[in-house]
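For reference, the chains in residue letters:
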Amino acid sequence: MAAYKIQVETGRALQANTMDSISITLVGSRGQGEKRFLDNFGCDFLTGASDEYHIHEKKDLGDIQLIRLHKEPFSFFPEDSWFCNQVTVKSPKGKIYHFPCYRWIEGYLTLELPEGKATLASAEGCSPLLLKQRENELKDRQETFKWKVYHKAFPRCIDAGDVEELDSNVKYSITKILHVALTTGVSILEFKLKGFISRQESWKSLEDIKRVFWTYRTATSEYVSQHWSEDAFFGYQFLNGIDPMIIKKCNQIPDNFPVTDSMVKCIMGPKTNLTEELKMGKIFIADYKILEGIPGNMLNGRQQYMAAPLCLLYLSPQEEMIPLAIQLNQTPGPENPIFLPSDNEWDWLLAKMWVRSSNFSTYEVLSHFLRTHVFAEVFCISTLRQLPMSHPVYKLLIPHHRYTLQINALARERLIAPGGFFDTSSALGLAGLAELISRDMQSVTYTSICITDDLKSRGVESLPNFYYRDDGLKIWSAIERYVSGIMDCYYKGDEIVQKDQELQAWVREIFKEGFLERKSSGVPSSLQTRAELIKYLTMVIFTSSAQHAAVNSGQFDFLSWMPNSPGTMRQPPPKTKGTATLESIFEILPEVGTTTSLIVAVRVLSEEPGDLRPLGTFPDEHFTEEEPKRCIKVFQDRLSQISAEVESRNASLPLKYNYLNPKVIENSVSI
C-alpha cells in the first residue's frame, strides 16, 4: 500500500465554502489511483480552511501529473459553489506536488488540475496525458469565453449580453460589488438631496459650482479648483494630468495653424523667436484633428458642440509648459481666429476651456477606454482561450486580467449604452464615440502602446518635470526585468518561442480580434525571438496595470472641477474675438444636471474599490517553482524602491504626482 497526504485549501472569499461531496483521483506516471472521498469528522471545506486527508493506493503511482476533483451531491443539501485555492499531494517518498486552482467550481462535475510546474506543450517530457488535458482545458474555455462584434470597427469583446452572463471566475467579488454600489449610491444621494442632479439650467457663478464640488474633494481636486485658469497649470496637465498622451514636439508650425512671431512675442520675449525655439526643441503641440467633423450630441433636446483645436505650447526658461496660441478648428480663416494669451481675459480662458473640452472626449474614449480597457479585455480573452493554466505565460498574465471582463461589461451596459453616461452627459454621444474609436483604430500603432517607443516618437523623452514619463519608465523597466527573468526559465532560445504553438495562437488571436489584422499598426501577429516575447508581455502587463492607473486614477482629481474639463459645450466655438464674458461662458458650459452626472461618474470610476491587489501583489500562487518565485520577490523589491522614490520626490512638490506609485496601481483593469 502507498500512503498519500492530501491538503485542500479553500479560499477566503465570502461563501467560498461548500457542503457538496468532494472526491479526488490521483493520476501519476505509473498509473491512476482510485476515486477517494475526502471526508473528516465535522465540516470540511469551510471558508479559509486547509483540510488534510490521508488516502492509500494499492501501489506507488509515481510522479503525480494531474488530479481530478469530483464535486457531487451530498445528502439533501442543495448544490453550492466552492472556491478552491489549491491542492497539495505528498507522496509516500515525501515529494510534494502542487496543484493551483484559484477558481470557483460550480455544479456537479469533474475538474482536472495539472501539476503546478509551468510547462510548454512542445517541451520534452510533456506526456500524452498532459497534452490531452491541455487540449480539453482550452476546448472548454473556448466554449465559455467567446468573441463578439460590438461594433464592426471596434476590437472584439466578450460575448455576454450582460454582467450576469459572465463566468463566475471573472466576476467581481462580493466585497468589490458592495463597495462600488455604496460609492455610487452615496454620490447620487448626496446630489439628489442637494437638488442638483435633475436641474437643466445654466450655472450662475463659480461659487454655485463649488457648492456641488465641495460635496467630496481631494487635495488635488482642491488644487485644480484654485489653479485651473492659470496658463502654467493648463500646460502642466499635458504632462502630469490624466492624459499625458497627446502632447508632441513641434518641429515645424503646421500650415493650417499660421502662428507668427508677432503673435507670441509678448510671451516669449524679445530675445528669441519661434524659429529659434523650434530649433531648440522648446515648442510643442496638441492637435485634436481626430475630432474634426464629428457632430455634437443632443442633450435634453439641445444641440451640443465639438471643436477640433490646435494648441501650441512653449517650454519656458522657468521650465513651465505654457500655451502660446490656440485655434479652435483645423481650417484657418477669418472665422477661425487664433487666440492668444494677450487677448481679452475671457476670450483666452474660453479658448483654453474648448481645448480642455476636446481633450475630455479624446481622453475618455481613446487614452482611457480604448487603449487600456478595451485592449486589456482583448489580452484577457485571448489568454483564457489560447493558453492553458500550465503555460508560463498564462501564469504570468492571469493576475493582470482580474475583473477586467466584468468592468468592461459594466461599461458597455452603463457608460456607452443608450441612456448611459456618454449618451446623456457628453458632447460626443454614442454616435460620436463610435466614430472616434473607428478613426483611432485606423491609426493606433504598436509604438503608441509601448511607453518607451511612444515617448521617443512624440519627442518628449527629455522634458523636465514630466513625472508620468519618469515613473512610467521605471515601472516599464521593472516589469521588463521581471518578465525576462521568468521567461528565461522556459524559453532558452528563439526557436522555442517559434515552436510554441499555444503562444503563437495567443498572439495571432490578439492581432486578429484586437487590432483587426491591420498590418500597418506594427502590432505583431507572431513572435520570433525571446526579445520580441519579452517586450510584448511587458506591454500587456504595463497596459493592464500602470498605464490604466496613469489615465484612470486622476479622473476625480482633474475632472470633478467641471470648468477645468467640460464634458460638453452648449454653443459652437467663437468665430470672432472680443465677445466672451464670464456670463456668456456660463451659457456655454454644461448645465447643472450634466455637471453633477459627470462628478458622480468620475468619483466612482477613479476610486479603486475594495479587494485591491497592488502591482506585484500575487496572493494566488500560480508559479510553484523556486526561480519564478525568486523573480517575483525581486520584482516586488524593485516596486517598493520605486514607491519610495516617488514619495521622496512628491514630498517637495506643490502638487503630488502619485498615480504611478506602485502602492496604488492595481494589477489589472478592474474599475
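This section reports on the structure supplied with the text. Note that the coordinates shown come from a computational prediction; the quantities given were computed from them, not determined experimentally.

So, how was this worked out
Residues numbered from 1 in each chain as written. Predicted model: local features only at pLDDT ≥ 70, side-chain atom pairs only at ≥ 80, totals over all residues. Heavy atoms only, no water. Pairing = 2+ DSSP bridges. Helix = DSSP H or I, 4+ residues; strand = E, 2+ residues; numbered from the N terminus. Phe/Tyr/Trp six-rings, centres within 6.5 Å; stacked < 30°, edge-to-face > 60°. Buried < 20%, exposed > 50% of the residue type's maximum accessible area, 1.4 Å probe, protein only. Axes fitted to C-alpha atoms, helices over the stretch in contact; angles between N-to-C directions. Polar contact = N/O pair within 3.5 Å; in protein donor to acceptor, adjacent residues only side chain to side chain. Contact = heavy atoms within 4.5 Å.

Okay, the sheet that holds strand 13 (residues 283-287) next. The sheet built from 5 strands is open, its strands ordered 12-13-16-17-18 with antiparallel pairing. Looking along the sheet, the strands with just one partner apiece sit at the ends: strand 12 (248-249) and strand 18 (338-339). Here strand 17 (residues 321-327) pairs with strand 18 via 2 bridges, running antiparallel. Within strand 18, the residue paired with Q327 across the bridge is I338.

Once that is clear, we can look at the packing of aromatic side chains. On inspection of all chains with the given rule, the structure shows 23 aromatic pairs. Summarising the aromatic geometry, the rings of F76 and F77 are spaced 4.6 Å apart at their centres and angled 25° between planes, so their arrangement reads as stacked. Classification of F76 as exposed rests on a relative accessible area of 70%. A network of ring pairs unites the aromatic residues Y223, F233, Y236, Y467, F558, Y657 and Y659 as a single cluster.

What follows is about the sheet that holds strand 1 (residues 2-10). Whenever strands of a sheet pair, they do so through backbone hydrogen bonds, lying parallel or antiparallel. Read from one edge of the open sheet, 4 strands run 5-1-7-8, paired in antiparallel fashion. Each having just a single partner strand, strand 5 (50-57) and strand 8 (96-105) make up the two edges of the open sheet. Neighbouring strand axes in the sheet, compared pairwise and without regard to direction, differ in orientation by 20° on average. Here strand 1 runs beside strand 7 (residues 82-90); their pairing, made up of 6 bridges, is antiparallel. Residue V8 lies in a different strand from strand 7, and its bridge partner there is V87.

This paragraph deals with the pairing of strand 16 (residues 310-315). Along any regular strand the residues' side chains alternate between the sheet's two faces. Of all 6 residues in strand 16, 6 are buried, a share of seventy percent or more. Neither face of strand 16 is exposed, since L310, L312 and Y314 on one face and C311, L313 and L315 on the opposite face are all buried. By the bridge criterion, 5 bridges tie strand 13 to strand 16 in an arrangement that is antiparallel. Looking at strand 16, one finds that F284 is bridged to L313. Pairing between strand 16 and strand 17: 6 bridges, direction antiparallel. Within strand 17, the residue paired with L310 across the bridge is Q327.

So, on to the side chain of S382. Note on placement: S382 falls in helix 8 (residues 345-386). At 3.4 Å, the side chain of S382 forms a polar contact with the side chain of E509. For S382, the residues in contact, after removing those within four places along its chain, are W147, L387, W506, E509 and I510.

Quick look at the pairing of strand 7 now. Across the 9 residues that make up strand 7, a large majority, 8, are buried. Between the antiparallel neighbours strand 7 and strand 8 lie 5 residues, among them G94 with a positive phi of about 90°.

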